Amino acid sequence: MGNHLLKNCPACGTELTISELSCKCCGIKINGEFNINGFAELNSDDLEFVKQFLFAEGNISKMQVHYNETYNSIKNKLSTINEKLGGKTIMDAINTQNLTQSSEDSKVVKRLKEKIVECGGKALMPVLKGEPVPFWLSSTQSGFESAGLKGFIFEFKVFDAIVKKAISLGGKMYRGDVAAQSGAKIGSEDLPITTIDGYISTEFYGSKIGSSTMRRSTYFSGILAWAGIATVHRSQGDGSFITINNDYLNLEN
């Protein structure tokens with residue numbers, strides 16, 4: 001087996017060029033300057049990952065099983081390889097210049113907008129288990145999008161409503177994420193409408209009492225924690241929950 005193609009000089013770090021090609025069969029040699037293709041940017045582990053991805057026909061679930069890694073780990077590895085090959089992700093083209101503050105924005109919304117601009121339009125959301133989840137300012141600039149829930153916009157107004165609801169409950173609100181994920185019915189003992197998922201599903205997403213809903217609270221609560229508006233707590237027997245941080249307990253609007 002041949003050696004892996006080097007892209008940079010091991011002595012000085014300057015980019016290398018191929019100056020000679022030869023045929024093992026007849027011995028002919030061709031001199032010149034030949035370009036190195038983009039795959040020279042990848043190390044052996046990267047190339048093996050790409051090969052396995054092709055074997056899996058792009059199925060990330062199969063890649064998770066093969067590598068025993070989380071969805072986000074596989075996606076992050078793909079993004080890293082994509083960047084090495086000169087590709088761009090959706091997060092590279094984010095423009096925050098047109099994101100304006102409105103006099104009608106609440107303290108919560110103002111903070112979310114300020115923080116995402118500070119971060120260049122993209123950030124990592126902390127989670128209780130696993131690796132941080134990438135999210136970014138949506139193209140509509142009405143909220144955020146995330147790699148973990150494609151096609152869904154986490155609107156600023158919903159963050160504001162969650163914080164106000166939590167304050168009305170004494171500053172603490174259960175997420176309801178596990179119940180929502182397992183198919184519990186809204187309004188049931190497992191998923192009351194006072195949980196984040198129960199509340200926002202009926203208030204914003206057209207769900208009815210007695211129906212099941214999508215798990216969204218993990219993202220809303222994680223982004224609130226990222227912005228310093230709330231703190232996410234592990235379950236103490238009744239499920240994970242958020243508490244509103246002191247600076248946001250008394251909202252004027």
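How each quantity is defined
- Residues numbered from 1 in each chain as written.
- Predicted model: local features only at pLDDT ≥ 70, side-chain atom pairs only at ≥ 80, totals over all residues.
- Heavy atoms only, no water.
- Pairing = 2+ DSSP bridges.
- Helix = DSSP H or I, 4+ residues; strand = E, 2+ residues; numbered from the N terminus.
- Axes fitted to C-alpha atoms, helices over the stretch in contact; angles between N-to-C directions.
- Buried < 20%, exposed > 50% of the residue type's maximum accessible area, 1.4 Å probe, protein only.
- Phe/Tyr/Trp six-rings, centres within 6.5 Å; stacked < 30°, edge-to-face > 60°.
- Lys NZ or Arg CZ within 6 Å of the ring centre and 35° of its normal.
- Core = buried A, V, L, I, M, F, W, Y, C linked by side-chain atoms within 4.5 Å.
- Contact = heavy atoms within 4.5 Å.
- Left-handed = near helix turned anticlockwise from the far one by under 90°.
- Nonpolar A, V, L, I, M, F, W, Y, C, P; charged D, E, K, R; others polar.
- Patch = residues over 30% accessible without salt bridge, like charges linked within 9 Å, V, L, I, M, F, W, Y side chains within 5 Å.
- Areas by Shrake-Rupley, 256 points an atom, 1.4 Å probe, with all protein chains shown as cover.
- Salt bridge = Lys/Arg side-chain N within 4 Å of Asp/Glu carboxyl O.
- Expected span 1.5 Å × (residues − 1).

What to know about the sheet that holds strand E7 (residues 172-174)
In step 1: The antiparallel open sheet is built from 3 strands, whose spatial order is E7-E9-E8. In the strand order of this sheet, the two ends are held by E7 and strand E8 (230-233), each with one partner. Each adjacent strand pair in this sheet contributes to an overall mean axis angle of 25°, direction not counted.

Section: helix H8 (residues 217-226)
In step 1: With respect to burial, H8 is a largely interior element, 9 of its 10 residues being buried.
In step 2: Where H8 is concerned, the buried positions are Ser 217, Thr 218, Tyr 219, Phe 220, Ser 221, Gly 222, Ile 223, Leu 224 and Trp 226.

Overview of the packing of aromatic side chains
The geometry of an aromatic ring pair is captured by the separation of the ring centres together with the interplanar angle, meaning the angle of the planes.
In step 1: Summed over the entire model, instances satisfying the criterion amount to 13 aromatic pairs.
In step 2: On the basis of an interplanar angle of 65° and a centroid distance of 4.8 Å, the ring pair of Phe 159 and Phe 220 is categorised as edge-to-face. Of the two residues, Phe 159 sits in helix H5 (residues 156-168) while Phe 220 sits in helix H8, which places them 61 residues apart along the sequence.
In step 3: Take Phe 220: its relative accessible area is 0%, and that puts it in the buried class.
In step 4: Following the ring pairs from residue to residue traces out a cluster consisting of Phe 135, Phe 144, Phe 152, Phe 154, Phe 156, Phe 159, Phe 204, Tyr 205, Tyr 219, Phe 220 and Trp 226.
In step 5: The cationic tip of Lys 115 hangs over the ring face of Trp 226; the distance from NZ or CZ to the ring centre is 4.7 Å.

Re the nonpolar core
In step 1: If you look at the biggest cluster of nonpolar residues, it comprises 37 residues, and the most contacted ones within it are Leu 112, Phe 144, Phe 159, Ile 162, Leu 224, Trp 226 and Ile 242.
In step 2: Not counting residues within four places of it along the chain, the set of residues in contact with Phe 159 comprises Val 108, Leu 112, Phe 144, Phe 154, Phe 220, Ile 223 and Leu 224.
In step 3: By size, the runner-up hydrophobic cluster in this structure holds 7 residues, among which are Phe 49, Ala 56, Ile 74 and Ile 81.

With respect to the packing of helix H1 (residues 44-55) against helix H3 (residues 71-84)
In step 1: Running from N to C, H1 and H3 point in directions that differ by 115°, and their axes come no closer than 11 Å. Crossing of H1 against H3: the hand is left-handed. Two secondary-structure elements touch here, H1 through Asp 46, Phe 49, Val 50 and Phe 53 and H3 through Ile 74, Lys 77, Leu 78, Ile 81 and Lys 84.
In step 2: Across the contact of H1 with H3, the residue classes break down as 6 nonpolar, no polar and 3 charged.

Some remarks on the sheet that holds strand E5 (residues 143-146)
In step 1: The strand order across the open sheet formed by 4 strands is E3-E4-E5-E6, and the pairing between neighbours is antiparallel. Looking at the sheet topology across the chains shown, the edges are occupied by strand E3 (122-125) and strand E6 (149-155). Each neighbouring strand pair of the sheet contributes to a mean axis angle of 30°, computed without reference to strand direction.

Topic: a nonpolar patch on the surface
In step 1: On the surface, a cluster of nonpolar side chains totalling about 260 Å² of accessible area is made up of Leu 21, Ile 28 and Ile 30.
In step 2: In this structure, Leu 21 sits in strand E1 (residues 18-22).
In step 3: What makes Leu 21 partly exposed here is its relative accessible area of 39%.

Details of H5
In step 1: With 13 residues, H5 should reach 18 Å at 1.5 Å per residue; the first-to-last C-alpha distance of 19 Å fits that figure.
In step 2: Turning to H5, its buried residues are Phe 156, Val 158, Phe 159, Asp 160, Ala 161, Ile 162, Val 163 and Ala 166.
In step 3: Following H5 by one or two positions, Gly 170 has its phi on the positive side, about 100°.

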